[in-house]
Amino acid sequence: MNDPRPPSTRAGPVDAADVRSRVASTIRADVRALSAYHVGRAEGLVKLDAMENPFALPEALRERLAGVLAEVPVNRYPDGAGDAVKDALARSLPLPEGAALVLGNGSDELIQLLTTAIAAPGACVLAPEPSFVMYRLNAQYANVRYVAVPLHADFSLDADAMLAAIARERPRLVWLAYPNNPTGNRFAPATIERILAAAPGLVVVDEAYYAFADDSFLPRVLEFENLVVVRTLSKIGLAGLRLGYAAAHPSWIAEIDKVRPPYNVNALTQAAVPVILAAADELARQATTIRSERGRLVQALAALRDVCVFPTETNFVLVRVPDADAWFSSLRNAGILVKNLHGYHPLTSQCLRITVGAPAENDALLAAIRRCP
Ligand SMILES: *Cc1c(COP(=O)(O)O)cnc(C)c1O
């Protein structure tokens, strides 16, 4: 009755409508208009949608890891700089003398940090499209202008359009996925060199698929004033660890480090990575198997009437089919999850992106795709 109790003891939950109106007056309108990144449930399905490595770590390596991880003092913060991980990476990579590294919680975090570091009022981020969706989303999160330049229909870079857009927009940041996701092809290095020469700011070459590609800019990272190479361990079999790294001249790395959360890479990941990199030949063997399975998949898919297969230097294959929605559903009903890119971008209309799986998974995919409508 007229016995107003202090809020802390008021019974019952808050009114949902009151919360919603508080959200509406507090959260940015453009954020409210977004939908959260959707990760589909895949229990019981053959998972060929997310470019994961289908193979587990070898048993002996898992046992060694278990021993190492058991000793990690998780009551302590991790090494903020991740020096042991950087040393192990530097030893295993074709990194030029004098280049520096910064670690990320996956390369997704590095995309966010790079965007944050350039996000001055009026700044512009530029990328070809279709490409990795996080380039655009992070520009939006950081409130910077984002300019997309369409690829040619064969998914090669439109050099003239890229150079014109760079001259017009003066982007602080240009993203180039090398090879590109979701198209699978690797852009012409000569075009990338022209973009590096023309860009007033940073050009980030994102090499998430380096293990399945025939070229890399990592050894050349100090040949250009404005080149950062970003990589991840996700696609080579360690997606759950969440480790990415950026390589560049130390002057760039020092600035990225300033916007990095101090303990962004957790202690278990930091302890695991040197152990796993010491057995890098195991991962390389898996990558070789994936490459040869990719070849088999490409050949078998190309032999199918109605299926157009695009060139790939990744661990996935992009195909165009007569009815992507129907084929996606048919595969889904057969227990196989792929990525439907119809409606994602005009250039990927009627396209499905199929991650290369283990041999039996690829056999199941081929059997199911032959039964598509
Ligand atoms: C998968 C992918 C990433 C993200 O990798 P994480 O390290 O797992 O965050 C970045 N860039 C491209 C082009 C990718 O395909």
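Heads up: these notes are all about the structure in this document. Note that the structure is a prediction, hence the values are computed from the model and not measured.

Thresholds applied
- Counting restarts for each chain: residues are numbered from 1 in the order of the written sequence.
- Predicted model: local features are reported for residues with pLDDT of at least 70 only, side-chain atom pairs are reported and counted for 80 or more only, and whole-chain, interface and lining totals are derived from all residues.
- As a rule here, side-chain values cover all heavy atoms of the structure and leave hydrogens and water aside.
- Note on definitions. A residue lies near a molecule or strand when any single heavy atom of the residue is within 4 Å of it.
- Polar contacts, as counted here, are pairs of nitrogen or oxygen atoms within 3.5 Å of one another; within protein the pair requires one atom able to donate a hydrogen and one able to accept it, and residues that are adjacent in sequence qualify only if both atoms are side-chain atoms.
- Each accessible area value is a Shrake-Rupley result obtained with a 1.4 Å probe; residue values ignore everything except the protein chains displayed when judging cover.
- Think of it as three bins: nonpolar holds Ala, Val, Leu, Ile, Met, Phe, Trp, Tyr, Cys and Pro, charged holds Asp, Glu, Lys and Arg, and polar takes everything else, Gly as well.
- In this description a helix means any DSSP run of H or I spanning at least four residues, a strand means any run of E spanning at least two, and both kinds are numbered starting from the N terminus.
- A helix's residues, less one, multiplied by 1.5 Å, set its expected span.
- Note on classification: 1.4 Å probe, protein chains only; a residue is buried when its accessible area is under 20% of the maximum for its type, exposed when over 50%, partly exposed between these limits.
- Residues are treated as being in contact if the distance between any of their heavy atoms lies within 4.5 Å.
- Axes here mean lines fitted to C-alpha atoms, for a helix over just the part in contact, with angles spanning 0 to 180 degrees between N-to-C directions.
- Orientation is classified from the angle alone, with under 35 degrees giving roughly parallel, over 145 giving roughly antiparallel, 65 to 115 giving roughly perpendicular, and any other angle giving oblique.
- Criterion used throughout: strands pair if DSSP finds at least two bridges between them.
- In what follows, salt bridge is the name for a side-chain nitrogen of Lys or Arg lying within 4 Å of a carboxyl oxygen of Asp or Glu.
- Nonpolar cores were defined as sets of buried Ala, Val, Leu, Ile, Met, Phe, Trp, Tyr and Cys residues, with membership established by side-chain atoms within 4.5 Å.
- As defined here, a cavity is a set of points on a 1 Å grid over the protein atoms alone where a 1.4 Å probe fits but cannot get out. A pocket is an open set with protein on both sides within 12 Å along at least five of seven lines, and residues line them when an atom is within 4 Å of a point.
- Grid points are joined across faces, edges and corners, and a volume is the space filled by probe spheres set on the points.

What follows concerns the site of the ligand. The environment of the ligand is made up of 13 residues, and the closest members are Ser-107, Asp-206, Thr-232, Ser-234 and Lys-235. At 2.7 Å from an oxygen atom of the ligand is found a side-chain nitrogen or oxygen belonging to Tyr-209. Between Ser-234 and the ligand, the recorded distance is 2.6 Å, taken from a side-chain N or O atom to an oxygen atom. Across the complex, the protein chains shield 94% of the 390 Å² of accessible surface that the ligand would expose by itself. The class makeup of the residues in the shell around the ligand is four nonpolar, five polar and four charged.

With that out of the way, let us pick up helix H11 (residues 280-302). The end-to-end C-alpha distance of H11, which contains 23 residues, comes to 33 Å, matching closely the 33 Å that a straight helix rising 1.5 Å per residue would cover. The set of residues buried in H11 consists of Leu-283, Gln-286, Ala-287, Ile-290, Glu-293, Arg-294, Leu-297, Ala-300 and Leu-301. Considering only its buried residues, H11 is in contact with helix H10 (267-277), strand S9 (308-309), strand S10 (316-320), strand S13 (351-355) and helix H13 (359-370).

To continue, consider the packing of helix H7 (residues 159-169) against helix H8 (residues 189-198). Close contact between H7 and H8 brings their axes to 10 Å; oriented N to C, the two are set at 10 degrees. In terms of axis orientation, H7 runs roughly parallel to H8. Contact residues: H7 offers Ala-159, Asp-160, Met-162, Leu-163 and Ile-166, while H8 offers Thr-191, Arg-194, Ile-195 and Ala-198. Residues that form the contact of H7 with H8 fall into these classes: six nonpolar, one polar and two charged.

Here is the key point about a regular strand: its side chains alternate between the two faces of the sheet. Among the five residues that make up S10, four are buried, leaving the element largely enclosed by the rest of the structure. Both S9 and S10 contribute to a ladder of two bridges, which runs antiparallel. Considered in S10, the bridge of Cys-308 is made with Arg-320. Between the end of S9 and the start of S10, which pair antiparallel, lie six residues. One ladder, built from five bridges, connects S10 with S13; its direction is antiparallel. Bridging across to S13, Leu-318 finds its partner in Arg-353.

So, on to the sheet that holds strand S12 (residues 339-340). Strand order in the open sheet made by the four strands is S9-S10-S13-S12, with antiparallel pairing throughout. This sheet does not close on itself; its edge strands, each paired only once, are S9 and S12. The strands that helix H12 (residues 324-333) touches are S12 and S13; relative to S13, the one it contacts most, it runs at about 35 degrees.

Right, let's talk about the pattern of salt bridges for a bit. Should the charged atoms of two oppositely charged side chains come close, the side chains can pair. On inspection of all chains with the given rule, the structure shows 19 salt bridges. A salt bridge links Asp-30 to Arg-28; the nearest nitrogen and oxygen atoms lie 2.8 Å apart. Here Asp-215 and Arg-186 are joined by a salt bridge, their closest N and O atoms 3.9 Å apart. One end of the pair, Asp-215, is in the loop between strand S6 (202-206) and strand S7 (227-232); the other, Arg-186, is in the loop between strand S5 (173-177) and H8, and 29 residues separate them in sequence. A single salt-bridge network, built from bridges that share partners, covers Lys-47, Asp-49 and Glu-52.

We now examine the nonpolar core. For soluble globular proteins, the rule of thumb is that nonpolar side chains tend to be buried together. The biggest cluster of nonpolar side chains holds 88 residues, and the ones touching the most others in it are Leu-301 and Leu-365. Here this core takes six residues from H11, the largest share from any one element. In this view, Leu-301 contacts Val-307, Val-309, Val-317, Val-319, Ile-354, Leu-365, Leu-366 and Ile-369; residues no more than four positions away in its chain are not counted. Counting 28 residues, the second largest nonpolar core, distinct from the first, contains Ala-127, Ala-139, Trp-175 and Ala-246.

The description of two helices packed together rests on the angle between their axes and the distance between the axes. Their axes nearest at 11 Å, the elements H11 and H13 cross at an angle of 10 degrees. As far as their axial angle goes, H13 and H11 are roughly parallel. Here H11 contributes Glu-293, Arg-296, Leu-297, Ala-300 and Leu-301 to the contact with H13, which in turn contributes Pro-359, Asn-362, Asp-363, Leu-365, Leu-366, Ile-369 and Arg-370. Looking at side-chain class alone, the contact of H11 with H13 contains seven nonpolar, one polar and four charged residues.

What follows deals with the layout of surface pockets. Of the voids in this model, the largest pocket is the one considered here, and its volume is about 1,400 Å³. Tyr-37, Phe-132, Val-133, Lys-339 and Arg-353 are, among the 50 residues lining the largest pocket, the residues nearest its centre. Secondary structure elements with two or more residues in the lining of the largest pocket: helix H5 (107-118), strand S3 (124-129), helix H6 (133-141), H12 and S12. If one sorts the elements of the lining of the largest pocket by residue count, H6 sits on top with six residues. Counted as a void, the second largest pocket has a volume near 260 Å³. If you go around the second largest pocket, you meet 15 residues; those closest to its centre are Ser-92, Leu-93, Tyr-210, Ile-236 and Ala-280. Elements supplying a minimum of two residues to the lining of the second largest pocket: helix H4 (83-92) and H11.

Interpretation note: all reported values are geometric properties and have no functional meaning in isolation.
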